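# Understanding the architecture of this molecule
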Amino acid sequence: MEFQIGIDIDAPAAVVWSVMSDVERWPEWTSSVRHVRRWQRERPFAVGSRALVRQPGLPPAIWTVTSLTPGREFIWKAGLPGWWSVGGHRVDPIGDVPASDSVSSLANGGQTGGANSGQELDTRRSHAVLTLAFEGLFGRAFAPRLRGLVEDYVTREAHGLKRQSEALARRP
């Protein structure tokens with residue numbers, strides 16, 4: 001089962017990416033994350049980067065970046081055999097993906113945007129998509145029970161990302 005939110009942000013994709021990829025600062029702008037500590041902080045954020053993440057009501061988790069397209073998207077994974085959480089974080093300039101601002105559950109292989117919608121690109125605005133999917137026998141079995149918490153956290157993260165990115169974009 002996959003949970004997703006897309007949100008339009010009045011900030012360039014580069015600004016949104018800088019906020020999104022600076023994972024240790026997430027607790028400054030989202031109440032769904034209490035603490036993040038990257039390991040090997042002297043190295044750039046890249047595939048293989050790991051971070052300890054503490055969230056209210058959940059056990060601490062070590063997330064590992066499994067895919068990264070600089071300035072655009074990263075995916076990371078945490079869990080144990082049989083229960084994996086996979087988090088996706090993507091930003092596109094407006095016009096590059098269809099816009100939405102709602103939480104939706106994409107079960108049964110739903111796909112996120114990425115295709116050009118035919119709109120002219122607006123490099124001053126962006127569209128971010130955050131996803132959380134559960135994999136493995138236990139992950140899929142317990143995902144429906146976590147639906148409310150996950151939708152709440154993903155929504156808080158999206159709106160916090162929007163607020164923080166727009167605040168930075170307004171700075172001279």
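All of these numbers come straight from a predicted model, not from anything done at the bench.

Rules used in this analysis
- Residues numbered from 1 in each chain as written.
- Predicted model: local features only at pLDDT ≥ 70, side-chain atom pairs only at ≥ 80, totals over all residues.
- Heavy atoms only, no water.
- Patch = residues over 30% accessible without salt bridge, like charges linked within 9 Å, V, L, I, M, F, W, Y side chains within 5 Å.
- Areas by Shrake-Rupley, 256 points an atom, 1.4 Å probe, with all protein chains shown as cover.
- Salt bridge = Lys/Arg side-chain N within 4 Å of Asp/Glu carboxyl O.
- Helix = DSSP H or I, 4+ residues; strand = E, 2+ residues; numbered from the N terminus.
- Phe/Tyr/Trp six-rings, centres within 6.5 Å; stacked < 30°, edge-to-face > 60°.
- Buried < 20%, exposed > 50% of the residue type's maximum accessible area, 1.4 Å probe, protein only.
- Lys NZ or Arg CZ within 6 Å of the ring centre and 35° of its normal.
- Axes fitted to C-alpha atoms, helices over the stretch in contact; angles between N-to-C directions.
- Parallel < 35°, antiparallel > 145°, perpendicular 65-115°, else oblique.
- Left-handed = near helix turned anticlockwise from the far one by under 90°.
- Contact = heavy atoms within 4.5 Å.
- Nonpolar A, V, L, I, M, F, W, Y, C, P; charged D, E, K, R; others polar.

## Notes on a nonpolar patch on the surface
- On the surface, Leu-137, Phe-138 and Phe-142 cluster together to form a nonpolar patch covering roughly 310 Å² of accessible area.
- On the secondary structure map, Leu-137 appears in helix H2 (residues 137-170).

## Describing the packing of aromatic side chains
- All chains considered together, the criterion is met by nine aromatic pairs.
- Where Trp-17 meets Phe-74, the ring centres are 6.2 Å apart and the plane angle is 75°; that geometry is what we call edge-to-face. Taken together, the residues span a long stretch of sequence, with Trp-17 in helix H1 (residues 13-21) and Phe-74 in strand S5 (residues 73-80) at a distance of 57 residues.
- The class of Phe-74 is buried, set by a relative accessible area of 0%.
- The structure contains a cluster of three or more aromatic residues connected by ring pairs, namely Trp-17, Trp-26, Trp-29, Phe-45, Trp-63, Phe-74 and Trp-76.
- When the ring centre of Trp-84 is taken as reference, the NZ or CZ atom of Lys-77 above it lies at 4.8 Å.

## Points about the packing of H1 against H2
- One way to put it is that H1 packs onto H2 with a least axis distance of 9 Å and a crossing angle of 125°. If you check the angle between H1 and H2, you find them oblique. Along this stretch, H1 crosses H2, giving a crossing that reads as right-handed. Two secondary-structure elements touch here, H1 through Val-15, Val-16, Val-19 and Met-20 and H2 through Leu-161, Gln-164, Ser-165, Leu-168 and Ala-169.
- The class makeup of the residues in the contact of H1 with H2 is seven nonpolar, two polar and no charged.

## Observations regarding the pattern of salt bridges
- Following the criterion strictly, the structure yields 10 salt bridges and no others.
- A salt bridge links Arg-41 to Glu-24, with the nearest nitrogen and oxygen atoms 3.1 Å apart. With Arg-41 in the loop between strand S2 (35-38) and strand S3 (50-54) and Glu-24 in the loop between H1 and S2, the pair connects residues that are 17 residues apart, well separated along the chain.
- Residue Glu-28 is joined to Arg-25 by a salt bridge in which the shortest nitrogen-to-oxygen separation is 3.1 Å.
- Under the relative-accessibility criterion, Arg-25 is labelled partly exposed at 43%.
- Linked through salt bridges whose partners overlap, the residues forming this network are Arg-72, Glu-73, Arg-90 and Asp-92.

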